Amino acid sequence: MKKKIIVEIHFNAFGFTPDRFEKKWIDHRMALFMKYAVSSLKKQTNQNFLTLVRYEDSTEKLIKEALAQYKKLPSNIKFVNKAEHMNG
């Protein structure tokens, strides 16, 4: 049986900062995420992992708009809302 590692990242699904639901915050954090987190994940020697990046359901439109500004993510990095994460 092959093991697969699941990495969970909370993008804006957890926290006490109320502006994490706003476009300006999401766009800024997405830029940081793409520059540092995605870059690091792509450089991992072993790619046998799945990264689930959780976001707040109510911000789905803003998340999708922000993601559209970048190259498509590798198949092992997925943005999921809370409902998808729970049913995943």
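Structure shown above.
Residues numbered from 1 in each chain as written. Predicted model: local features only at pLDDT ≥ 70, side-chain atom pairs only at ≥ 80, totals over all residues. Heavy atoms only, no water.

S.K.: Looking at this structure, I do not really get the nonpolar core. What am I missing?
M.R.: For soluble globular proteins, the rule of thumb is that nonpolar side chains tend to be buried together. Membership of the largest hydrophobic core comes to 16 residues, with the highest contact counts inside it found for F11, M30, F33, I63 and F79. For this core, the secondary-structure elements that each account for two or more residues are helix 1 (23-42), strand 2 (49-55), helix 2 (60-67) and strand 3 (77-81). Counting residues per element, this core draws most heavily on helix 1, which supplies seven residues. Those residues in contact with M30, other than ones at most four positions away along the chain, are F11, I63, A66, L67, Y70 and F79. (Core = buried A, V, L, I, M, F, W, Y, C linked by side-chain atoms within 4.5 Å. Buried < 20%, exposed > 50% of the residue type's maximum accessible area, 1.4 Å probe, protein only. Helix = DSSP H or I, 4+ residues; strand = E, 2+ residues; numbered from the N terminus. Contact = heavy atoms within 4.5 Å.)

S.K.: Which parts of the structure should I look at to understand the pattern of salt bridges?
M.R.: Side chains that differ in sign of charge can pair as their charged atoms come close. Under the defined criterion, the tally for this structure stands at four salt bridges. Ionic pairing is found between E8 and R54, a salt bridge with its closest N-O pair at 3.2 Å. Of this pair, E8 sits in strand 1 (residues 5-10) while R54 sits in strand 2, and the two are 46 residues apart along the sequence. (Salt bridge = Lys/Arg side-chain N within 4 Å of Asp/Glu carboxyl O.)

S.K.: Is there a simple way to explain the sheet that holds strand 3 in this structure?
M.R.: In a beta sheet, neighbouring strands pair by backbone hydrogen bonds and run either parallel or antiparallel. Here three strands make up an open sheet; going across it, the order is 1-2-3 and the pairing parallel. Unpaired on one side and paired on the other, strand 1 and strand 3 mark the two borders of the sheet. Neighbour to neighbour, the strand axes of the sheet diverge by 25° on average, direction disregarded. Taken together, the six bridges between strand 1 and strand 2 define a ladder with parallel strand orientation. The residue bridging I9 from the neighbouring strand is V53, located in strand 2. Against the sheet, helix 1 touches strand 1, strand 2 and strand 3, its axis set at about 135° to strand 3. (Pairing = 2+ DSSP bridges. Axes fitted to C-alpha atoms, helices over the stretch in contact; angles between N-to-C directions.)

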